[in-house]
Amino acid sequence: MSGHYDVDAVRKEFPAAERMTYLDSGFQAPLARPVKAAIDLFLREGLETAGPKSVWLDRVEQTRAKVARFLGVSADEIAFTKNTSESMNIAANALRLRAGDNVLMVHGDHPNNAYAFLNLQRKGVEVRFVPMTDVVDAASFRPHIDTNTRAISMSHVTFHAGHRFDIESVGGLCAEKGLHFIVDVMQAIGVVPIDAKAIRASFIGSGSHKGLLVPQGLGLLYWDSAHAELEPAYLAAASLAEIPADLIARPDKLTPAPSARRFELGNFNLPAIHALGASLDLIAQIGVENIQNHCFDLGDHLIAALDALDIRLVGPRERKHRAPHIYVVALPAAEWLGYFEENGVRVSPERDGIRVSFGMFNTSADVDRLIELIRRRGVKTSSKVAEKAA
Ligand SMILES: Cc1ncc(COP(=O)(O)O)c(C=O)c1O
């Protein structure tokens, strides 16, 4: 089922989806055949030729250009990192915040974003949390901004309940108030279309093992090159504008690269970057809007089925405020996770229930399988809609 693309054909690229009901792409994506093929090629080249490094590095630049196209930015504004946490730490430390400055964040947002800024408390920077509600937009932050506020940092999509926050409105507020805006798009990327310039962020960070389909260990960092004053806190030869030809470090030549390479350190995770090139091709063939719309349709189907069983959805219900692919069902994880696992359904435990998260390969039959298992076992009143009102 899909009015958006040939899901059955796409599903064939994900063998794990045939072996189980995989509803856990918000945790990690199953490996897709084209992604594996890119890693296999790298391994074969390494095995047979000891590595054509120039070919490998060309592929890095091709992938960088693909990432840039995907986000609507210049390739010079993209750096490869290790994961979201590293991207957020690079961003937090490039802002050069001082004692007395404050940063606004959303309470309960992903810890990998929060700790990058909380660590700056050691320098006297204050982190203020605004409450998390179903809708977080400019109005949520405006009353908390004062003359010492320097930045807002937040996730685009929450991992624990599937909120999709209005980051464009928050970006507009930051532009109006002269604040830096830093966004963690880890849960959104690959499913929600991202127009980096429309967000007006100084930095956007992500990993790549969810919607971007690459095994763990590769991150992305977008840096708005209009902010040339934002310099890296760490330095390696790769970060420099001029790498000395004799590879002897010069204390007086530390100017960082004019591009986002200023934020890169040392050698790359080559097989993962090559894999990302393949996954971006797959996503481009399908179209990220189509993936989004397909996941929204699956979400509508899931919500209707939960309503019919009178089971509560934890996060926002409306397409305007919810992520297309992440839904938390108010079933206690301790009671339900093992049951789903025994029955070949992979989901994640979350703060307030069981997280169901879709990938491009899921179908309505996957949702039906989950619902059938819930119906068969029956639910207690604590998961029911009436309980929320009480
Ligand atoms: C919003 C968000 N940020 C970051 C991460 C992961 O951080 P990292 O890429 O550093 O492992 C996750 C989930 O794993 C997430 O949901």
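Structure: above.
Now for a look at the structure at hand. (Residues numbered from 1 in each chain as written. Predicted model: local features only at pLDDT ≥ 70, side-chain atom pairs only at ≥ 80, totals over all residues. Heavy atoms only, no water.)

**A look at the sheet that holds strand β8 (residues 219–223)**
And step 1. Spatial ordering of the open sheet is given by β2-β8-β7-β6-β5-β3-β4, a layout of seven strands whose pairing is mixed. With one partner strand each, in any of the chains shown, β2 (78–81) and β4 (126–130) form the two edges of the open sheet. Pairwise comparison of adjacent strand axes, ignoring direction, gives a mean angle of 20° for this sheet.
And step 2. The pairing of strand β3 (residues 102–106) with strand β5 (residues 149–155) spans three bridges and is parallel. Counterpart to Val103 in the pairing with β5 is Ala151.
And step 3. Running over the sheet, helix α5 (residues 84–94) touches β2, β5, β6 (180–184), β7 (203–207) and β8 and is turned about 160° from β7. (Pairing = 2+ DSSP bridges. Helix = DSSP H or I, 4+ residues; strand = E, 2+ residues; numbered from the N terminus. Axes fitted to C-alpha atoms, helices over the stretch in contact; angles between N-to-C directions. Contact = heavy atoms within 4.5 Å.)

**Regarding the nonpolar core**
And step 1. In terms of nonpolar packing, the biggest core is built from 96 residues, with Phe141, Phe181, Phe340 and Met360 touching the most fellow members.
And step 2. Looking at which domains feed residues into this core, each of domain 1 (7–30 + 288–385) and domain 2 (34–284) supplies at least three.
And step 3. When residues no more than four places from it in sequence are discounted, the contact partners of Met360 are Tyr5, Val7, Val10, Phe14, Leu213, Leu282, Ile283, Ile286, Ile291 and His294.
And step 4. Met105, Ile182, Leu230 and Phe263 belong to the second largest nonpolar core, which has 24 residues in total. (Core = buried A, V, L, I, M, F, W, Y, C linked by side-chain atoms within 4.5 Å. Buried < 20%, exposed > 50% of the residue type's maximum accessible area, 1.4 Å probe, protein only. Domains from an automatic or database assignment.)

**Details of the environment of Gly190**
And step 1. Here Gly190 shows up in the loop between β6 and α9 (196–199).
And step 2. The spatial distance from the C-alpha of Gly190 to the C-alpha of Ile311 is 29 Å, given a sequence separation of 121 residues.
And step 3. Those residues in contact with Gly190 that lie beyond four places of it in its chain are Phe70, Gly211, Leu212, Ile283, Val288 and Ile291.

**A look at the pairing of β2**
And step 1. On β2, burial covers both faces: Ile78 and Phe80 on one face and Ala79 and Thr81 on the other are all buried.
And step 2. Where β2 lies against β8, four bridges are found, and the strand directions are antiparallel. Note that in β8 the partner of Ile78 across the bridge is Tyr222.

**Observations concerning the layout of surface pockets**
And step 1. Considered as a void within the structure, the largest pocket measures approximately 310 Å³ in volume.
And step 2. His156, Arg164, Phe165, Asp166 and Ile167 are, among the 18 residues lining the largest pocket, the residues nearest its centre.
And step 3. Of the residues in the lining of the largest pocket, the class split is eight nonpolar, three polar and seven charged. (1 Å grid on protein atoms, 1.4 Å probe; cavity = no way out; pocket = protein on both sides within 12 Å on 5 of 7 lines; lining within 4 Å. Points joined across faces, edges and corners; volume = space filled by probe spheres on them. Nonpolar A, V, L, I, M, F, W, Y, C, P; charged D, E, K, R; others polar.)

**Considerations on the pairing of β7**
And step 1. For β7, the buried fraction is high: five of the five residues fall into the buried class.
And step 2. Covered by surrounding structure in β7 are Phe203, Gly205 and Gly207 together with Ile204 and Ser206, the residues of both alternating faces.
And step 3. Direction of pairing for β7 relative to β8: antiparallel, over a ladder of five bridges. For Phe203, the partnering residue across the bridge sits in β8 and is Trp223.

**Comments concerning the packing of helix α11 (residues 288–308) against helix α13 (residues 364–377)**
And step 1. Running from N to C, α11 and α13 cross one another at 20°; their axes reach a closest spacing of 9 Å. In terms of orientation, α11 lies roughly parallel with respect to α13. Seen from above, α11 lies across α13 with right-handed handedness. In this structure, α11 contributes Leu298, His301, Leu302, Ala305 and Leu306 to the contact, and α13 contributes Ser364, Val367, Asp368, Leu370 and Ile371.
And step 2. Considering only residue class, the contact of α11 with α13 consists of seven nonpolar, two polar and one charged. (Parallel < 35°, antiparallel > 145°, perpendicular 65-115°, else oblique. Left-handed = near helix turned anticlockwise from the far one by under 90°.)

These figures come from the coordinates and say nothing about function on their own.
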